[in-house]
Amino acid sequence: MSTEGLNETPATPETAPSNFIRDIIIQDNKTGKHGGRVHTRFPPEPNGYLHIGHAKSICLNFGLAKEFGGKCNLRFDDTNPSKEETEYVDSIINDVRWLGFDWEDRLFYASDYFEQLYQWAIQLIKQGQAYVCDLTAEQVRETRGTTTEPGVESPYRNRSAEENLDLFQRMRAGEFPDGSRTLRSKIDMASPNFNMRDPVMYRILRAEHHRTGNDWLIYPMYDYTHGECDSIEGITHSICTLEFEDHRPLYDWYVESLGIHRPQQIEFDRLNLTNTMLSKRKLLLLVQKGYVSGWDDPRMPTLSGIRRRGYTPEALRAFCGSIGVSKTNGTIEFPLLEHHIREDLNARAARVMAVVDPIKVIIDNYPDGQTDELEAANHPDKPEMGMRKVPFSKVLYIERDDFREVPPPKYYRLFPGQEVRLRYAYFIKCVSVVKDANGEVTEVHCTYDPASRGGNSPDGRKVKSTIHWVSAEHALTFEARLYESLLLEDAPQSDDIATQLNPTSLVVKANAKIEPSVKGAAPNTHFQFERVGYFNVDLDSTDEKLVCNRTVQLKDTWAKIAKK
RNA sequence: UGGGAGAUCGUUCAACGGUAGGACAGCAGACUCUGACUCUGCUUAUCGGGGUUCGAAUCCCUGUCUCCCAGCCA
């Protein structure tokens, strides 16, 4: 589904360098800690679309399982019905699959285990390790203590097991209003770790759950749920992000108190990318406020966004493999991601000529009405990708940036008196220009050398530059969507997202021109528009109107020279 | 300032008591019918201070800085 328009998929080397998690697994296998088993899981909450940050976790979990001959489950952490939706479940399933991973028959939901979780809560009550607390949310907060002061024990902390059992059953039965009571673990209100200060296990919440509907009026909290779900599924290594380090004692406390299989929680650093928002909350805001067209807007760092933008799963996997895994809180530079998408597309994308910002070129000495068919290679390094014919005629378009009336230093392209090569076609020399009333150049007049047909002159003379072109008469008009970062380079750190948005994150070139060979290309077909960038066919394309997204620009040495 | 976790080229990951290395970025050059690709070369790092050791990025002590934690979110 991802590779339309690409040649055969190369075997991307996904041999990541070692990392501390892999080392732990190797060590565990040596000591027989989990009987040599490796079983991981990717556990998203279905409250938004997956983004590049999740790709790191997915590659890690599925990658490790694959490498060690183990398994990886897909599990939805759906314990908060007020935020979760089936739309998100569907998108997540689609995205993980697109990234290239397979959970076989192991698709689970925390909600699959609600009854078991409830029974375990009863066990903890009977063991004297959980109690029903009548404090309000505010009172709980007030009695939790501070970093330097211990919390205050709830007055309901020492209710009898019988009373707790009765109350908890009635919580489930719907006898009490939302928020009026919670089930709490009886641990230690003086613990320096807030997570251990009698954490809430269950809250009363009347919200329709996307899977269990209105079956439940009480929902378990993340901390109470996660370890048990891992345990039920026989997870050996429960890999999560750094902010859960403080939760590990609680994770362990539950599985140990319950006397069930104890997976090992391991924390790694979340992915940060320069100039990129990787927070579900903020991404949701972008969608809700209409700053983007949706979760799959090609400017979004969501997997569906970058997929639409033209990124490939191969490139993403290579990227995830290359960034490593550690506990350092770092930020990866966005150009590294761009490097991987260029590397993948360079190897596979068919070449084509397209002019994004056209200026007319007239070949004065070319016969009126004549058309030439020129042979062009679909890939410079892969003859097996074949050749195609590109029509040539008297009136052409070239890129506006490829002509200068007054050339700056080191400018090799077309200017009055300069000879250049039209790729796969002829040498042309600029003889004059036509301007409009504003002094804008509207036509560039050239002469061509018929002997240079195909792109080389028999006399062996050289030109400094080869530029791309399309025949005006034959070209297809299309819409090129040029993307830049959604965020301003030096965006002020503010909660007001509007002030951080790059006003030119999307530039639409409605009058771009492309050679006719691309006619009918399917959505998501990838191309390299020679000398311009990698593009793919957007979902919005129709038979009448081709729309292409710029996935990433080609590296542009000239732009650097010109800047100096 | 209670607890938890970190600190190695500009960025990121390695080096697991024995020559600090890769990738990206940058710079310079070669090649080129894409100023692309490819190739060559170069610049730049062990947070500070003590110790242990023949030898320390690695072990110990100490200081400094950064990140996370007081949801009935995950």
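Basis of the calculations
- Residues numbered from 1 in each chain as written.
- Chains lettered and ligands numbered in written order.
- Predicted model: local features only at pLDDT ≥ 70, side-chain atom pairs only at ≥ 80, totals over all residues.
- Heavy atoms only, no water.
- Helix = DSSP H or I, 4+ residues; strand = E, 2+ residues; numbered from the N terminus.
- Rg over C-alpha atoms; globule rule 2.2 N^0.38 Å.
- Buried < 20%, exposed > 50% of the residue type's maximum accessible area, 1.4 Å probe, protein only.
- Contact = heavy atoms within 4.5 Å.
- Lys, Arg positive; Asp, Glu negative; His and termini not counted.
- Charge placed at Lys NZ, Arg CZ, Asp CG, Glu CD.
- Expected span 1.5 Å × (residues − 1).
- Axes fitted to C-alpha atoms, helices over the stretch in contact; angles between N-to-C directions.
- Parallel < 35°, antiparallel > 145°, perpendicular 65-115°, else oblique.
- Nonpolar A, V, L, I, M, F, W, Y, C, P; charged D, E, K, R; others polar.
- Near = heavy atom within 4 Å.
- Polar contact = N/O pair within 3.5 Å; in protein donor to acceptor, adjacent residues only side chain to side chain.
- Pairing = 2+ DSSP bridges.
- Phe/Tyr/Trp six-rings, centres within 6.5 Å; stacked < 30°, edge-to-face > 60°.
- Lys NZ or Arg CZ within 6 Å of the ring centre and 35° of its normal.
- pLDDT = per-residue confidence, 0-100.
- Core = buried A, V, L, I, M, F, W, Y, C linked by side-chain atoms within 4.5 Å.
- Patch = residues over 30% accessible without salt bridge, like charges linked within 9 Å, V, L, I, M, F, W, Y side chains within 5 Å.
- Areas by Shrake-Rupley, 256 points an atom, 1.4 Å probe, with all protein chains shown as cover.
- Salt bridge = Lys/Arg side-chain N within 4 Å of Asp/Glu carboxyl O.

### Focus on the overall build of chain A
At step 1: Within chain A one finds 13 helices and 25 strands.
At step 2: For chain A, whose C-alpha radius of gyration is 31 Å, the value lies well above the compact-globule estimate of 24 Å for 564 residues.
At step 3: Projected onto its principal axes, the C-alpha positions of chain A cover 100 × 55 × 45 Å.
At step 4: Scored against the burial criterion, the 564 residues of chain A give a buried share of 54%.
At step 5: Sequence-distant contacts, at least 24 apart, represent 71% of the contacts inside chain A between residues at least 6 apart.
At step 6: For chain A, the distance from the average site of its 70 positive side-chain charges to the average site of its 83 negative ones is 4 Å.

### Focus on helix α8 (residues 248–258)
At step 1: Burial analysis of α8 places 8 of its 11 residues in the buried class, the great majority of the element.
At step 2: Backbone geometry just after α8 places G259 at a positive phi near 70°.

### Considering helix α3 (residues 86–99)
Note that an α-helix has 3.6 residues per turn; residues three or four places apart therefore point the same way.
At step 1: Between its first and last C-alpha, α3 extends 20 Å over 14 residues, near the 20 Å set by a 1.5 Å rise per residue.
At step 2: Inspection of α3 places Y88, V89, S91, I92, I93, D95, V96, W98 and L99 among the buried residues, and these make up the whole buried set.
At step 3: Of the residues trailing α3, G100 is marked for its positive phi of about 105°.

### Thoughts on the packing of helix α4 (residues 114–126) against α8
At step 1: One can describe the packing of α4 onto α8 by two numbers: an axis separation of 10 Å at closest approach and a directional angle of 80°. In terms of orientation, α4 and α8 fall into the roughly perpendicular class. Note on element contacts: α8 touches α4 through Y254, S257 and L258, opposite W120, Q123 and L124.
At step 2: Here the residues of the contact of α4 with α8 sort into 4 nonpolar, 2 polar and no charged.

### Observations regarding the protein's contact with RNA strand B
At step 1: Taken together, 71 residues sit near RNA strand B, with R413, R421, G454, R531 and T557 positioned nearest.
At step 2: Among the atoms of RNA strand B lying within 4 Å of the protein, the sugar-phosphate backbone contributes 65%.
At step 3: Within the side chain of T79, an N or O atom sits 2.6 Å from a phosphate oxygen of RNA strand B.
At step 4: Contact between RNA strand B and S326: a phosphate oxygen at 2.6 Å from a side-chain N or O atom of the residue.
At step 5: Elements with a minimum of two residues in the surface near RNA strand B: α5 (137–142), β6 (200–204), α12 (334–348) and α13 (557–563).

### A short note on the sheet that holds strand β25 (residues 546–553)
Hydrogen bonds along the backbone pair up the strands of a sheet, which may run parallel or antiparallel.
At step 1: Read from one edge to the other, the open sheet built from 7 strands follows the order β10-β23-β24-β25-β21-β22-β11, with strand pairing classed as mixed. One side of each edge strand has no neighbouring strand; the edge strands of this open sheet are β10 (350–352) and β11 (354–355).
At step 2: With 2 bridges connecting them, β11 and strand β22 (residues 506–514) associate as antiparallel partners. In the sheet register, V355 faces β22, and the bridge partner there is K513.
At step 3: Each of β10, β23 (526–529), β24 (533–537) and β25 is contacted by α12, which is oriented at about 120° to β25, the strand it contacts most.

### Some thoughts on the sheet that holds strand β4 (residues 130–133)
At step 1: Read from one edge to the other, the open sheet built from 4 strands follows the order β4-β5-β6-β7, with strand pairing classed as antiparallel. The open sheet terminates on both sides in strands that have one partner only, identified here as β4 and β7 (218–220). Between one strand and the next, the sheet's axes are offset by a mean angle of 20°, whatever the strand orientation.
At step 2: On the sheet, α4 packs against β4, β5 (182–185), β6 and β7 and is oriented at approximately 120° with respect to β6.

### Some points on the packing of aromatic side chains
Ring pairs (aromatic) are described by centroid distance and by the angle formed between their planes.
At step 1: Under the definition given, this model contains 24 aromatic pairs.
At step 2: Ring centres of Y224 and Y254 lie 5.2 Å apart, and the angle between their planes is 80°; this geometry places the pair in the edge-to-face category. Here Y224 is found in helix α7 (residues 222–232), whereas its partner Y254 is found in helix α8, with 30 residues between them in sequence.
At step 3: Here a set of aromatic residues connected by ring pairs shows up, and it is made of F114, Y118, F168, Y202, W216, Y219, Y224, W253 and Y254.
At step 4: Looking at R172, its charged tip hangs above the ring of Y118, at a distance of 4.4 Å from the centre.
At step 5: Above the face of the Y109 ring, R211 is positioned so that its terminal group lies 3.6 Å from the ring centre.

### Some thoughts on the confidence of the model for chain A
At step 1: In the predicted model, chain A carries a mean pLDDT of 95, and 96% of its residues have values of at least 70.
At step 2: The low-confidence segment residues 1–5, where pLDDT is below 50, has 18 contacts with residues more than four positions distant or belonging to other chains.
At step 3: Within the model, pLDDT remains below 50 along residues 7–16, and this stretch shows 14 contacts once partners closer than five positions in the same chain are excluded.
At step 4: In the predicted complex, the global pTM is 0.95; the interface-specific ipTM is 0.97.

### Some remarks on the nonpolar core
The tendency in soluble globular proteins is for nonpolar side chains to be buried as a group.
At step 1: Within the largest apolar cluster, 38 residues are counted, with the highest numbers of intra-cluster contacts made by V96 and F319.
At step 2: Going through the elements one at a time, α2 (52–67), β2 (71–76), α3, α10 (303–309), α11 (313–322) and α12 are the ones with two or more residues in this core.
At step 3: In this structure, F319 is in contact with I52, L271, L273, I332, L336, L337 and H340, ignoring residues within four places of it in sequence.

### Looking at a positive patch on the surface
At step 1: Taken together, K410, K555, K560, K563 and K564 make up a surface patch of like positive charges.
At step 2: Residue placement: K563 occurs in helix α13.
At step 3: On the basis of relative accessible area, K563 is assigned to the exposed category, the value being 77%.

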